[in-house]
Every structure is written in structure tokens, then in C-alpha cells.
Amino acid sequence: MGLEQAIIDFFAHMGLLNLTVGNVVMILVGLTLVYLAVVKGMEPLLLLPIGISAVLVNLPFTGIADPPHGLFYLIHRYLISTEVVPLLIFFGLGAMTDFGPMIADPKTALLGAAAQIGVFIAMLTAVALGFTLQEAASIGIIGGADGPTTIYLTTKLAPHLLGATAVAAYSYMSLVPLIQPPVIKALTTPEERKIRMEQLRPVSKREKILFPIASMLIIGLLVPSAAPLIGMLMIGNLFRESGVVERLSKAAREELMNIVTIFLGLGVGSTMRAEYFLTAKTLMILALGVVAFATATAGGVLLGKLMMKLSGGKINPMIGAAGVSAVPMSARVVQKLAAEEDPGNFILMHAMGPNVAGVIGTAVVAGVLLSALG
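All figures in this text were calculated on a predicted structure; none of them were measured in a lab.

Conventions adopted
Residues numbered from 1 in each chain as written. Predicted model: local features only at pLDDT ≥ 70, side-chain atom pairs only at ≥ 80, totals over all residues. Heavy atoms only, no water. Axes fitted to C-alpha atoms, helices over the stretch in contact; angles between N-to-C directions. Helix = DSSP H or I, 4+ residues; strand = E, 2+ residues; numbered from the N terminus. Parallel < 35°, antiparallel > 145°, perpendicular 65-115°, else oblique. Left-handed = near helix turned anticlockwise from the far one by under 90°. Contact = heavy atoms within 4.5 Å. Nonpolar A, V, L, I, M, F, W, Y, C, P; charged D, E, K, R; others polar. Salt bridge = Lys/Arg side-chain N within 4 Å of Asp/Glu carboxyl O. Buried < 20%, exposed > 50% of the residue type's maximum accessible area, 1.4 Å probe, protein only. Phe/Tyr/Trp six-rings, centres within 6.5 Å; stacked < 30°, edge-to-face > 60°. Polar contact = N/O pair within 3.5 Å; in protein donor to acceptor, adjacent residues only side chain to side chain. Expected span 1.5 Å × (residues − 1). Core = buried A, V, L, I, M, F, W, Y, C linked by side-chain atoms within 4.5 Å.

Asks: I'd like a rundown of the packing of helix α3 (residues 21-38) against helix α4 (residues 44-57), residues and numbers included.
Replies: Between two packed helices, what matters for the description is the angle formed by their axes and the separation of those axes. Across the interface, α3 lies against α4 with an axial gap of 7 Å and an inter-helix angle of 155°. Our classification of the angle between α3 and α4 gives roughly antiparallel. Along this stretch, α3 crosses α4, giving a crossing that reads as left-handed. From α3, I27, G30, L31, L33, V34, A37 and V38 reach across to α4, where they touch P44, L47, L48, I50, G51, I52, A54 and V55.

Below is the structure:
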């Protein structure tokens, strides 16, 4: 090869000269996610790796996301597509979760179930807009406010939408403090938001140990498709509550969770290449994500109002908004709104009941959808 040809080849493969408009747009999108993570503190553990990897994969000729040996390609193929990372996230989440508030007041689990209405409203809306049932289910599950579940279901039903649904899920999870308050205030009165609730009863260690075992058995037998997610969640929780494997529990909620979170962010970000991400469907998915979150919040609050009436005013209907599984962010939003009306009103632990129930509810819904459409 002569010097002249070498120079021509060098410029022909220079990324700067091969940038497309789509690449530039996606680089800006990635940098925006980095900005939101670093400056605004919005879901930084995921938006930061997702954003910066989106920047990298949109630089021409890097090869980092190309088969068969690109690092991001390998992460996506062997860790994301095989559901390894989402399941390990649920394992770590279980080791971090205290189901005590829900066990102390089991009826709050109904609020976690009611919030799943957002999944089906967004799903039906997506079908009306022309998405297939599999695509619509992957979009609707965004309403559960559970990123790993969204990734798990999308990978199985509509893998080509993974980047859009994952970004929507995690972006809107970080926007829960902005999305939920207007919906809650529109559906409740100041007097309802002031309602104080009785202190929760203590939950015994035996109950906390039996709960994950019973949940795994019951849900696994009724909805086998949900068993992988629920099973890993409950195994992690059993490690936490048993008290005999503290070292393993700590590793699950710290070291392992940190590692798989990195892989999750990089793997999802690698799907945000311009040729796949910049479509009309992506914009519709982002819009439907808002619909899913808002209607999920509304579903929980409306059932909360019904329970308030049936209990003679003993239940603050706002705790229904925590039925989405953005733990503990939704519960904190509810507590903040309660404190705005009455600074002495402390309902955080009551809101945590439906909040952790929402995690289970979203996983069960994902299992049902997978069983019906997979």
C-alpha cells in the first residue's frame, strides 16, 4: 500500500468526517442524560452509564458495539439479552428491600395492584397507535416504574425497543417527584392529604422469613412466567431477613448490585445507536411512558380513596400513589405532600407498604404478559 492510499484510507475512516446528523443528535441525547445525572442528580447510577455509552456508540468506526468482539455487543448479548443482569438486579433489590410495612398491613398490597392499571392503559393506547401487542406490552410495563422488569419483558417480547423503553423507564423514574404530585393533588383534597394513619404493628422475624418463601411458592405456582423475577427478588430478601448469611446479603446489595448496575447501564446505552433509536416509535414510546406513569399513579390514588371511604377515613388515599414500584421515591413523594398539609403527619412507612407491593405487582404483570404474548 502506497503512502497516498494510506492517507486516503485514514481520512476515509476518520470518525469526524463520517458523522451523520443522527449521530450528532444521539450524542447530544447522551450528553443530556449525563447532565441530568451529574448536575440534577436524576437516577445517576443508571442515567450516567447509559448516557455516556450512548455517546460512545454513536462515534463512527469505534467498533465497541459491533459483533462479534465489541465490548458493548458482548455485554448486551450475553448479559442483557439472556436476562442475566435484570435477574441479578432483582436479587440485589431483594436484599435491599424491607417488606415489613406490607406484611404489617397486607391490604396495602391491593394499592400496589391497583397501580398496575397504568400498564394496561398505556398498553391499550399503544395498540391503538399501531404497535403490535408484544411492543405494546413492553411499552405498557413502563408504568410499573420498574426498570429491570421493563428490560426483562422488552428483551423477551420486543428487543428492538429496548433502548427506548429502558431510557423512558429510568428517565421517568427519576421524574417521579415531578410527575406524581400534580396527579395526586388533582385527585385528593387538602383534608384527605392531612389524614393521619395509625402506627403499624411490629412484624416478627418469623413473618419476615416466611414471607419470601411463601411468595415464591404461591406466585411461582400461579404465574410460572413471573417466577424468575419473583424468585430472585425473594431469594435476595431471604438472605436479608434470615440473619445467618449477612456476608452474602451485603455482597448482593452492594458489590454485586454495583457491578450489574454498571453492565446494565452500558448494555442499555449501547442500544441507543442513531439508526435504531431515532424513529417515530421512540417519540411515541417516550410520550406513552408519561401516560403510563400518570395513570398508574391515578389508579393507586383512586383505590386509596375507596379504601379511605370503607375504613371510615382511617386511610390516607395518597399512599395509593406509592403503588408504582419506584422504591422508595414514590413513598417519599407521598410523605412530602402529607407534610406540606400537616408537618406532623408521618405516613412514610404506610406508603412503603404499597411501594414494595408495587415491585411484586409489576413482576407478576410482566409474567402474565409474557405468558400470554411470549
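Asks: Kindly report on the packing of helix α9 (residues 117-128) against helix α10 (residues 133-140), identifying the contributing residues and their values.
Replies: Direction vectors running N to C along α9 and α10 enclose 140°, while the axes themselves pass 8 Å from each other. Taken as a pair, α9 and α10 cross one another with a handedness that is right-handed. Counting all contacts with α9, which are made through G118, V119, A122, M123, A126 and V127, the residues of α10 involved are L133, A136, A137, I139 and G140. Along the lines of polarity and charge, the residues of the contact of α9 with α10 split into 9 nonpolar, 2 polar and no charged.

Asks: Give me the pattern of salt bridges: which residues, what numbers.
Replies: Applying the stated criterion across every chain, the model contains 15 salt bridges. Across the pair K107 and D105 runs a salt bridge, and its minimum N-O distance is 2.7 Å. For K107, a relative accessible area of 39% puts it in the partly exposed group. Salt-bridge contacts for E207 lead to R201; the nearest nitrogen and oxygen are separated by 2.8 Å. Residue classification places E207 among the partly exposed residues on the basis of a relative accessible area of 27%. One connected set of salt bridges, linked through shared partners, spans D66, R273 and E275.

Asks: Help me get a handle on the packing of aromatic side chains, residues and values and all.
Replies: Two descriptors summarise a pair of aromatic rings, namely the distance from one centre to the other and the angle between the planes of the rings. Tallying each qualifying case throughout the model produces 3 aromatic pairs. Ring centres 5.5 Å apart and planes at 80° place the aromatic pair F91 and F239 in the edge-to-face group. Highlighted residues: F91 in helix α6 (residues 84-96) and F239 in helix α16 (residues 227-242), separated in sequence by 148 residues. A relative accessible area of 24% means that F239 is categorised as partly exposed.

Asks: Lay out the environment of T97 with the relevant residues and their values.
Replies: As for its placement among the helices and strands, T97 is situated in the loop between α6 and α7 (100-104). Between the alpha carbons of T97 and K205 there is a distance of 14 Å; along the sequence they are 108 residues apart. Within polar-contact distance, the side chain of T97 engages the backbone oxygen of L93 at 2.6 Å.

Asks: Hey, could you go over the side chain of N345 for me, with residue numbers and the actual values?
Replies: One can find N345 in the loop between α20 (329-341) and α21 (348-373). Polar side-chain contacts of N345 include one of 3.3 Å to the backbone oxygen of K194. Beyond its immediate chain neighbours, meaning those up to four positions away, N345 contacts R193, K194, I195, R196, N316, Q335 and A338.

Asks: Give me the lowdown on helix α15 (residues 205-222), citing residues and values where you can.
Replies: Side chains of residues three or four places apart in an α-helix project in the same direction, reflecting 3.6 residues per turn. Between its terminal C-alpha atoms α15 stretches 26 Å, which fits the 26 Å expected from 18 residues at 1.5 Å a residue. For α15, the complete set of buried residues consists of K208, F211, P212, S215 and I219. In this structure, the buried side of α15 is in contact with α7, α16 and α21.

Asks: Go over the side chain of N58 with me, naming the residues and quoting the values.
Replies: Within the element layout of this structure, N58 appears in the loop between α4 and α5 (71-80). Residue N58 is classed as buried on the basis of its relative accessible area of 1%. Every residue in contact with N58, bar those within four places of it in the chain, is listed here: L19, N23, M26, I27, M272, R273 and A274.

Asks: Can you break down the environment of V25 residue by residue, with the values?
Replies: With respect to the helices, strands and loops of the structure, V25 is situated in helix α3. The spatial distance from the C-alpha of V25 to the C-alpha of A274 is 7.8 Å, given a sequence separation of 249 residues.

Asks: Describe the nonpolar core, naming the residues involved and giving the relevant values.
Replies: In terms of nonpolar packing, the biggest core is built from 93 residues, with F99, L264 and I360 touching the most fellow members. I64, A65, F72 and I75 belong to the second largest nonpolar core, which has 6 residues in total.

Asks: Run through the environment of P68, naming residues and quoting values.
Replies: You can see P68 is positioned in the loop between α4 and α5. The spatial distance from the C-alpha of P68 to the C-alpha of T282 is 27 Å, given a sequence separation of 214 residues.

The quantities given are spatial measurements derived from coordinates; they are silent on function.
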